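# Observations on the model geometry
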Amino acid sequence: MELLTINNVWMMICTALVFFMHLGFAFLEIGLTRQKNTINILFKNIFIITVGLLLYCLVGFNLMYPGEFNGFLGFAGFGLDSPLTAEGALDLTYSEGYTYWTDFLFQGMFAATAATIVSGAVAERMKIGPFMIFAILYVGLIYPIAGSWKWGGGFLQTLETPFYDFAGSTLVHSVGGWAALVAVCLLGSRIGKFKDGKIQAIPGHNIPLATAGVLILWLGWFGFNGGSVLSADPGLTSLTLVTTCLAAAAGGVAAALVSTLLYKNLDLTMFLNGILGGLVGITAGADQMSPTDAIMIGSIAGAIIVFAVALIDRLKLDDPVGAIAVHLVCGIWGTLAVGLFGELASGAQFVSQLIGVVSYAAICIVSSFLILFTMKKIVGIRVSEKEELEGLDVHEHGMDAYPDFRMNEH
Amino acid sequence: MKKVEAIIRKSKFSAVKTALHEVGVNFFSYWDVTGLGNEKEGHVYRGVSYSTSDIQRRYLSIVVNDDFEEVTIKAILEAASTGEVGDGKIFVSKIDDVYRIRTGEKGGNTLK
């Protein structure tokens, strides 16, 4: 009982830390985009965390953890239904690490993250209505169904060598990243991003805020990975925090180094993206790695970020905040890295990781394409040119983010 | 009476202000402006190099009596110069009349 109390307290702290990540995402996204679209981005982020949590209560939790099921799709009924003892009290034998309520809330905080990743990638040009519908379907249905394949005990968990994704490099980050990629392809680039075939810079309007966002996300990751131990196991939780932080640090340093060598410029935003790349990369195997492994995985992720950002630009895809490079590309890298580094490294594991990556690519690409393409044909998913040029804040929300002061450039 | 208008680097504003005070020019207005000019500022953002010709400067508008014209211009020329492209311009024009709103009085005395 005492152990359960300790475990449960840790899990609730982690839940709160994952909640805090939503502030980090919001800060990062508005910092790396233009002032005229700030309200729009904040609105989307607030929508996702509120509606996402309600949806996870209504259907998500029971889609993701259906109990016994066919391995692909199961549903344990609407709403929350806490297990009770014969006396009618909450059944504390539910798990050794947490209560039923903690389980729901911790997983619920994760669920909203996937759609938030998309929000950054489609920033500054997507209509708010279609985005909200997309977020409802993606957070409410796709994320939990995809999650059940592994965390719910589905077919990826029952492979001969089970697919391994500790805290969601694939289940959370790539799930968001694939949808971000599809959305960016269907939306097209922002006006002015590519001129006569040349890539143009559209600098973000508040780099201090983006920096705060990244540090908040890093802090949140203590809960994201630390809580994915699913108990307060002293050895595993502390190791997980060490690997998480080392990978973040290595990712940042590697990205800064590579971008400095390539572009002869000390670019803070690449430094920041590198930290996030390292964090996403270590997430799949944070409890399986030695400190050296973590530094390797993080640095490779950081280097990947720089090339991925350039490649995405080169492909004429417009991702204002680097969401695809960070969450999709580093998510895939982190997932595969479990087969290459650490305790589980083996050929069979690598194949299982590959099966996992491909399975998630399939469900995410197909589902997000169907949702977004249908809306594109019926109502359109992109704002008018006038709206885009003058800003989504005024046209979609009738508000300015900073009505009373003008910022000087120097 | 003359109006001396100057577009200067923001980084030189403090030096110009001090120089104007030293020669006895204590009243003037200023505001921040964006302009286009010969200078280009190079930037790099997320691996993409770009240069902007939108230049941030400060605009000073100073109305003085004729006998102050020369010292005012001299003070700005000296204090605002770096020798690099982009130091700015000074424009001088005639002012027909000046009124002090509080008292309604008119003429050069209102500038003292």
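Our structure is the block above this text.
The helix and strand inventory of chain A stands at 13 helices and two strands. For chain A, whose C-alpha radius of gyration is 21 Å, the value lies close to the compact-globule estimate of 22 Å for 410 residues. Projected onto its principal axes, the C-alpha coordinates of chain A cover approximately 65 × 45 × 40 Å. For chain A, the residues scored as buried account for 55% of the 410 residues in total. Looking at chain A alone, contacts between residues at least 24 apart form 79% of all its contacts between residues at least 6 apart.

In this section: the overall build of chain B. Each helix and strand counted, chain B has two helices and four strands in total. Taken over 112 residues, chain B has a buried fraction of 21%. Taking all contacts inside chain B whose residues are at least 6 apart in sequence as the whole, residues at least 24 apart take part in 72%.

Residue and element names in this part refer to chain B. Along helix α1 (residues 13–22), the residues that are buried comprise Val16, Ala19 and Leu20. An end-on view of α1 places all buried positions within 100° of arc, on one side of the element. Along α1, the residues that are exposed and aim more than 90 degrees away from the buried face are Ser14, Thr18, His21 and Glu22. At its buried positions, α1 is contacted by β1 (2–8) and α2 (66–79).

With that settled, consider the nonpolar core. Among the nonpolar cores identified, the biggest contains 123 residues, and Val139(A), Ala180(A), Ile297(A), Ile305(A) and Ile324(A) are the most heavily contacted of them. In this structure, Ile324(A) is in contact with Ala121(A), Gly177(A), Ala180(A), Leu181(A), Val184(A), Ile312(A), Asp319(A) and Val329(A), ignoring residues within four places of it in sequence. With 15 residues, the next largest nonpolar core counts Ala6(B), Leu60(B), Val64(B) and Phe68(B) among its residues.

On the side of chain A, 17 residues touch chain B, which itself brings nine residues to the contact. Broken down by secondary-structure element, the contributors of at least two residues to the side of chain B that touches chain A are β2 (29–45) and β3 (48–64) of chain B.

Parameters at a glance
- Residues numbered from 1 in each chain as written.
- Chains lettered and ligands numbered in written order.
- Predicted model: local features only at pLDDT ≥ 70, side-chain atom pairs only at ≥ 80, totals over all residues.
- Helix = DSSP H or I, 4+ residues; strand = E, 2+ residues; numbered from the N terminus.
- Rg over C-alpha atoms; globule rule 2.2 N^0.38 Å.
- Buried ≥ 20, exposed ≤ 12 C-beta atoms within 10 Å, placed from the backbone.
- Contact = placed C-beta atoms within 7 Å.
- Arc of directions from axis to C-beta.
- Core = buried A, V, L, I, M, F, W, Y, C linked by C-beta atoms within 7 Å.

Purely geometric numbers; function is a separate question.
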